[in-house]
Amino acid sequence: MPTELRKIVFSKRELIESFDSLSEKARGRSDLPMGQVRDIHVSQQFGGGVKVLLDLQDISDDRLKRFSLEASTISDALLDYCQKKNIPVARDAEKYLEVIGDNLALSQKIRGSSEFPEDQPPPLDETPE
């Protein structure tokens, strides 16, 4: 059964925008204070995984603070950004993050199905004439 792979690659500007517009509820789950994102640093971890550091100007004390983000917070921000920008994301896909150059990608692995409805033949009928 074939597998489809999709990648949505986010530039640094788009990453900053996605975290700047992160909802207060999502910020609360990740302990991120309200404030403007000043910079973002993305790197590939040895052995797999992604590390994202966020420089944020905390509005409560006007100090620049750096946060190491968990995968769930990164995913929340990217999926929310995609929804706001009408970028299609496969709901049932296996999703993972990866670094591509200086960018961060939301990769999706979509497994095809070998099942067909009983009342319809498979799409490629190889019956000899």
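Refer to the structure above for everything that follows.
The sections below set out a description of the structure shown in this document. (Residues numbered from 1 in each chain as written. Predicted model: local features only at pLDDT ≥ 70, side-chain atom pairs only at ≥ 80, totals over all residues. Heavy atoms only, no water.)

**Comments concerning the pairing of strand S6 (residues 103-111)**
Regular strands have side chains that alternate between both faces of the sheet.
Piece 1. Here strand S1 (residues 3-10) pairs with S6 via eight bridges, running antiparallel. By the bridge assignment, Phe10 is partnered in S6 with Leu104.
Piece 2. Bridge count between strand S5 (residues 94-100) and S6: seven bridges; the pairing is antiparallel. Residue pairing across strands places Lys95 opposite Gln108, the latter belonging to S6.
Piece 3. Where S5 folds back onto S6 in an antiparallel hairpin, the turn is made up of two residues, including Gly101, whose phi is positive at roughly 65°. (Pairing = 2+ DSSP bridges. Helix = DSSP H or I, 4+ residues; strand = E, 2+ residues; numbered from the N terminus.)

**Quick notes on the nonpolar core**
Piece 1. Core analysis: the biggest nonpolar cluster contains 25 residues, and Phe10, Phe19, Leu54, Leu69, Ile74, Leu78 and Leu104 have the highest contact counts within it.
Piece 2. Elements with a contribution of two residues or more to this core: S1, helix H1 (12-20), strand S2 (35-44), strand S3 (50-58), helix H3 (71-84), S5 and S6.
Piece 3. Sorting elements by how many residues they give to this core places H3 first, with five residues.
Piece 4. In contact with Leu69, other than residues within four places in its own chain, are Phe19, Leu32, Val52, Leu54 and Ile74. (Core = buried A, V, L, I, M, F, W, Y, C linked by side-chain atoms within 4.5 Å. Buried < 20%, exposed > 50% of the residue type's maximum accessible area, 1.4 Å probe, protein only. Contact = heavy atoms within 4.5 Å.)

**Re H3**
Piece 1. The end-to-end C-alpha separation of H3 is 20 Å, in line with the 20 Å expected for 14 residues at 1.5 Å each.
Piece 2. Where H3 is buried, its residues meet S1, H1, helix H2 (24-30), S3, S5 and S6.
Piece 3. Immediately downstream of H3, the backbone of Asn86 shows phi near 55°, a positive value. (Expected span 1.5 Å × (residues − 1).)

**Observations concerning the environment of Cys82**
Piece 1. Looking at where Cys82 falls in the secondary structure, it is placed in helix H3.
Piece 2. With a relative accessible area of 1%, Cys82 lands in the buried category.
Piece 3. For Cys82 and Ser18, which are 64 residues apart along the polypeptide, the C-alpha to C-alpha distance reads 8.8 Å.
Piece 4. Excluding its chain neighbours within four sequence positions, the residues that come into contact with Cys82 are Ile8, Phe10, Ile87 and Val89.

**Quick word on the packing of H1 against H3**
Piece 1. Interhelical geometry of H1 versus H3 gives an angle of 100° and a closest axis separation of 9 Å. The orientation of H1 relative to H3 falls into the category roughly perpendicular. Across from Glu14, Leu15, Glu17, Ser18 and Phe19 in H1, the residues of H3 making contact are Thr73, Ile74, Ala77, Leu78 and Tyr81.
Piece 2. A breakdown of the residues in the contact of H1 with H3 according to their chemical character gives six nonpolar, two polar and two charged. (Axes fitted to C-alpha atoms, helices over the stretch in contact; angles between N-to-C directions. Parallel < 35°, antiparallel > 145°, perpendicular 65-115°, else oblique. Nonpolar A, V, L, I, M, F, W, Y, C, P; charged D, E, K, R; others polar.)

**Topic: the environment of Leu32**
Piece 1. By the secondary structure assignment, Leu32 is in the loop between H2 and S2.
Piece 2. For the pair Leu32 and Leu22, spaced 10 residues apart in sequence, the C-alpha separation works out to 9.7 Å.
Piece 3. With residues near it in sequence (within four places) discarded, Leu32 still touches Leu22, Arg27, Leu54, Phe67, Leu69 and Thr73.

**Description of the pattern of salt bridges**
Piece 1. All chains considered together, the criterion is met by 10 salt bridges.
Piece 2. With its nearest N and O atoms 2.9 Å apart, the salt bridge here joins Asp39 to Lys12. Of this pair, Asp39 sits in strand S2 while Lys12 sits in helix H1, and the two are 27 residues apart along the sequence.
Piece 3. Residue class for Asp39 comes out partly exposed when judged on its relative accessible area of 21%.
Piece 4. On the accessibility criterion, Lys12 (40% relative accessible area) is partly exposed.
Piece 5. Notably, a salt bridge pairs Asp61 with Lys65, separated by 3.2 Å at the nearest N-O pair.
Piece 6. Assessed through its relative accessible area of 33%, Asp61 is described here as partly exposed.
Piece 7. Salt bridges sharing common partners tie together Arg13, Glu17 and Lys85. (Salt bridge = Lys/Arg side-chain N within 4 Å of Asp/Glu carboxyl O.)

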